[in-house]
Amino acid sequence: MTERTFSIIKPDATRRNITGKIITKLEDAGLRVVAQKRVRWSKADAEAFYAVHKERPFFNDLVAFMTSGPVVLQVLEGDTAVARNREIMGATNPAEAAAGTIRAEYAESLEANSVHGSDSPENAAIEISQCFSDAEIVG
């Protein structure tokens, strides 16, 4: 089933100039980039995106990290895109990520783990709508 998911290439990856390597992994796995933009999130942008974590102890550090440099926001499309993207990303903790995954190869730490991906089709729709207008998504 073709679906869409949301992806962020995080500041640790943009700083190291490995966005192309990450996008290649996504495309090689059968996902298509149907929207993409490189932005510098403000504190308000990051706080709004991660509002679900507002009460968590890591929230302020997460916001600070996500505003520390540019991010690449993407809408990915493909068969079971949410699950496929999560498989390609690997476990959140890079020490537990399978060999060949983005996080196993590129993550610097649990926080600086290079990528974010939606965890469900429902959250993908919410995250996509937070960051892209319908006109920006061109399949």
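That block above? That's the structure.
Residues numbered from 1 in each chain as written. Predicted model: local features only at pLDDT ≥ 70, side-chain atom pairs only at ≥ 80, totals over all residues. Heavy atoms only, no water.

## Observations regarding the sheet that holds strand 4 (residues 115-117)
Backbone hydrogen bonds hold the strands of a sheet together, and the pairing may be parallel or antiparallel. With antiparallel pairing, 4 strands are arranged side by side in an open sheet as 2-3-1-4. The two strands at the open ends of the sheet, each matched to only one other strand, are strand 2 (32-39) and strand 4. Taking the axes of each pair of neighbouring strands and ignoring which way they run, one obtains an average angle of 20 degrees across the sheet. Where strand 1 (residues 2-9) meets strand 3 (residues 71-79), 8 bridges bridge the pair, whose relative direction is antiparallel. Note on strand 3: the bridge partner recorded for I8 is L73. (Pairing = 2+ DSSP bridges. Helix = DSSP H or I, 4+ residues; strand = E, 2+ residues; numbered from the N terminus. Axes fitted to C-alpha atoms, helices over the stretch in contact; angles between N-to-C directions.)

## So, helix 5 (residues 81-89)
Taken as a whole, helix 5 has its buried residues at A81, V82, N85, I88 and M89. The arc that holds every buried residue of helix 5, seen down its axis, measures 135 degrees, which confines them to one face. In the core, the buried residues of helix 5 are packed alongside strand 1, helix 2 (19-28), strand 3, helix 6 (102-106), strand 4 and helix 7 (121-131). Of the residues one or two after helix 5, G90 is the one with positive phi, at around 90 degrees. (Buried < 20%, exposed > 50% of the residue type's maximum accessible area, 1.4 Å probe, protein only. Arc of directions from axis to C-beta. Contact = heavy atoms within 4.5 Å.)

## Topic: the nonpolar core
Counting 21 residues, the largest nonpolar core has F6, I8, W41, Y50, M66, L73 and F132 as the members making the most contacts within it. Those elements that place two or more of their residues in this core are strand 1, strand 2, helix 3 (43-49), helix 4 (59-66), strand 3 and helix 7. The element best represented in this core is helix 4, accounting for 5 residues. What Y50 contacts, discounting residues up to four positions off in sequence, is I8, K10, W41, F59, L62, M66 and H116. By size, the runner-up hydrophobic cluster in this structure holds 16 residues, among which are I9, V72, A81 and M89. (Core = buried A, V, L, I, M, F, W, Y, C linked by side-chain atoms within 4.5 Å.)

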